[in-house]
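Close look at the chain arrangement
Residue-level listing of the chains:
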Amino acid sequence: MGQITLPGNPPIAVTLRRSAQARRLSLRLSQIDGKVTLTMPRRLPEQEALGFLRDKEGWLRGHLEARGEDVRITPGALVPIEGVLRQVVPGAGRSVVLSDTRVEVPGAPDRVAARLQGWLRTLARERLAEASDRHAAALGRPYARLTLRDTRSRWGSCTHDGGLMYSWRLIMAPPEVLDYVAAHEVAHLAEMNHSAAFWAVVEQLYGDWRAARAWLRDDGGALHRYRFD
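Anyway, here's the lowdown on the structure attached to this text. Quantities reported herein were computed from a predicted structural model and do not represent experimental measurements.

Quick look at the side chain of S19
Here S19 lies in strand β2 (residues 12-19). Looking at S19, the relative accessible area reads 7%, which means it is buried. Here the side chain of S19 touches A22 through a polar contact of 3.3 Å, landing on its backbone nitrogen. Residues in contact with S19, not counting those within four places in the same chain, are T39, M40, P41 and R42.

Structural data, given as structure tokens:
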């Protein structure tokens, strides 16, 4: 594995990865962290891979521009909370305070990100527990536990023993999207698959789920641009 820089404005760092399984060149842009990876067959000459990369430069720059820059959470930053952009501002007292346009975070500036993340996780647990309880009651099947993680590959999951897991970043999505994910995972308590019967259960619990699912597909990746580290 190596790294090259595609010149231009701005220059783009590209990781080169050789793979014995690869049969052709493939270019991947991570919506999570913006990293670009060019995978190539093990014996392909590097110059051919670089030519492929130059041919794809327009496509790559267009998708990087659409993705946008990462947002580091500091005073003044804009962060979505329940689907609404709010400006992070210093707060008084000891509690985080949410208004229509702002989120007031007390404490030292270098602790703002950690404090806001902790508050968002708590709010996410409240909202997801309420939605999961409601959908489980409607389904007549209790779940065993609820955990939160900062998952990169999925927004939620359901284990065979009834454990529900969610990404805490769902609290940044519109409320109807969070509710859809809860309905989706609770539906797995009845159907541990993605069959037509499963989607019928999701529709029974949530209603028409297609718009919420499309939002996650088209806009969900952007929630990972917000950096709390």
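From this point on, the discussion continues.
What about the sheet that holds strand β8 (residues 97-98)?
On the basis of which strands lie adjacent, the open sheet formed by 4 strands has the order β6-β7-β9-β8 and mixed pairing. In this open sheet, the two edge strands, each paired with only one partner strand, are β6 (78-81) and β8. Along the sheet face, helix α3 (residues 112-139) touches β6, β7 (84-91), β8 and β9 (102-106) and points at about 120 degrees away from the line of β9.

Description of the packing of aromatic side chains
Enumeration over the complete set of coordinates arrives at 4 aromatic pairs. Relative to Y206, the ring of Y180 lies with its centre 5.8 Å away and its plane at 65 degrees, an arrangement referred to as edge-to-face. Taken together, the residues Y180 in helix α4 (residues 175-187) and Y206 in helix α5 (residues 196-206) connect sequence positions 26 residues apart. Looking at Y180, the relative accessible area reads 3%, which means it is buried. One aromatic cluster in this structure is built from F198, W199 and W209.

Section: α4
With 13 residues, α4 extends 18 Å from end C-alpha to end C-alpha; this agrees with the ideal 18 Å at 1.5 Å per step. Counting buried positions along α4 yields 11 of 13 residues, so the element is predominantly enclosed. Listed in full, the buried residues belonging to α4 are V177, L178, D179, Y180, V181, A182, A183, H184, E185, V186 and A187. The inward-facing, buried residues of α4 contact α3, β11 (156-158), β12 (163-167), α5 and α6 (210-219).

Quick notes on the environment of L85
By the secondary structure assignment, L85 is in strand β7. A sequence separation of 44 residues divides L85 from P41, and the C-alpha atoms of the two residues are 43 Å apart. The residues touching L85, leaving out its near neighbours within four places in the chain, are L78, V79, P80, D100, T101 and Y226.

Focus: the pattern of salt bridges
For the coordinates displayed, the defined rule picks out 13 salt bridges. Between R72 and D229 there is a salt bridge whose closest N-O contact spans 3.1 Å. With R72 in strand β5 (residues 71-72) and D229 in the segment after β13 (226-227), this residue pair connects regions lying 157 residues apart in the sequence. Residue class for R72 comes out partly exposed when judged on its relative accessible area of 48%. Residues joined in a network through salt bridges with shared partners are D70, R72, R227 and D229.

Definitions and limits used
- Residues numbered from 1 in each chain as written.
- Predicted model: local features only at pLDDT ≥ 70, side-chain atom pairs only at ≥ 80, totals over all residues.
- Heavy atoms only, no water.
- Helix = DSSP H or I, 4+ residues; strand = E, 2+ residues; numbered from the N terminus.
- Buried < 20%, exposed > 50% of the residue type's maximum accessible area, 1.4 Å probe, protein only.
- Polar contact = N/O pair within 3.5 Å; in protein donor to acceptor, adjacent residues only side chain to side chain.
- Contact = heavy atoms within 4.5 Å.
- Pairing = 2+ DSSP bridges.
- Axes fitted to C-alpha atoms, helices over the stretch in contact; angles between N-to-C directions.
- Phe/Tyr/Trp six-rings, centres within 6.5 Å; stacked < 30°, edge-to-face > 60°.
- Expected span 1.5 Å × (residues − 1).
- Salt bridge = Lys/Arg side-chain N within 4 Å of Asp/Glu carboxyl O.

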